[in-house]
Amino acid sequence: MKGFALKSYSKIIVFSLASILAFMLFVEIFVPKIVPRSSPLDALETGAGGETGIAALVRIGEAIYNGKGGCSLCHDQGGERAPSLEYLEATASERIADESYSGSAEGPWQYVVESLLEPSAFVVPGYGTEESTMPGYSGKLSEDELRALVAYLKFRSKASVDLLQVEPLQEEVE
Ligand code: HEC
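What you see is a predicted model; the values in this text were computed from it and never measured.

S.K.: I keep staring at the overall build of the protein chain and nothing clicks. Help me out?
M.R.: A tally of regular secondary structure across the protein chain gives nine helices and zero strands. Scanning the protein chain from its N terminus toward the C terminus, one meets helices and strands in the order α-α-α-α-α-α-α-α-α. For the protein chain, buried positions account for 22% of its 174 residues. Considering only contacts in the protein chain between residues 6 or more positions apart, those separated by 24 or more positions represent 50%.

S.K.: So what exactly am I meant to see when it comes to the nonpolar core here?
M.R.: Generally speaking, soluble globular proteins have nonpolar side chains that are buried together. The biggest cluster of nonpolar side chains holds 24 residues, and the ones touching the most others in it are Leu57, Val112, Leu149, Val150, Ala151 and Tyr152. Listing elements by their share of this core, those giving two or more residues are α3 (53-66), α5 (88-97), α6 (108-117) and α7 (143-156). Considering each element in turn, this core owes the most residues, seven residues, to α7. Setting aside residues up to four positions removed in sequence, Val112 forms contacts with Leu88, Ala92, Val150 and Leu153.

S.K.: I keep staring at α7 and nothing clicks. Help me out?
M.R.: Two residues of an α-helix separated by three or four positions point the same way, owing to the 3.6 residues in each turn. In a regular helix each residue adds 1.5 Å, so 14 residues correspond to 20 Å; α7 covers 20 Å between its end C-alpha atoms and thus fits that length. Along α7, the positions that sit buried rather than exposed are Leu146, Arg147, Ala148, Leu149, Val150, Ala151, Tyr152, Leu153 and Lys154. Where α7 ends, the next residue or the one after it, Lys158, has phi of about 65 degrees, a positive value.

Rules and cut-offs
Residues numbered from 1 in each chain as written. Predicted model: local features only at pLDDT ≥ 70, side-chain atom pairs only at ≥ 80, totals over all residues. Helix = DSSP H or I, 4+ residues; strand = E, 2+ residues; numbered from the N terminus. Buried ≥ 20, exposed ≤ 12 C-beta atoms within 10 Å, placed from the backbone. Contact = placed C-beta atoms within 7 Å. Core = buried A, V, L, I, M, F, W, Y, C linked by C-beta atoms within 7 Å. Expected span 1.5 Å × (residues − 1).

Below is the structure:
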């Protein structure tokens, strides 16, 4: 009788373990994973609030440009304090093609990011000598803020803005 009790006891344990394993397997296969959103901007890209991700990103970038970044204080003053950013894609391409270019950007938008993070990497002729008078934004704007800012700069310089193009900025910023 004692042996029988022990036997059924171990059966219960084996059955319980098997049930737990089966349940874990079921969860693994059938329950969709929850992927955490890494940033608030990612949420916007899905079109939160009925706005497209690009429009939202550009709008946030514009707010940073005119607000926290203070860019308009220098850049929208008729070219006196700082170069115009109107046709930035074309200008940036000219800068890096110029033989006096001293930075390390390989494309126009990399150049823009470089201008923001390390303004003295290349100082636009006519706007200072070795040290740029533009403040560096490294550590002052988050990566998401930089992405939004670049989206806005693309938008206002009439370059095409799409999220696929905005994405690679992450590599450029690092
Ligand atoms: C205190 C004035 C000042 C502020 C504020 C400022 N800039 Fe500048 N910026 C300059 C000057 C001067 C230059 C040209 C010298 C140089 O190349 O660094 C420049 C150059 C640039 C360039 C390269 C332009 C070109 O024609 O090659 C970009 C892009 C740029 N700024 C973007 C920005 C953005 C975006 C902001 C805001 C986050 C900003 N700047 C804030 C003064 C400023």
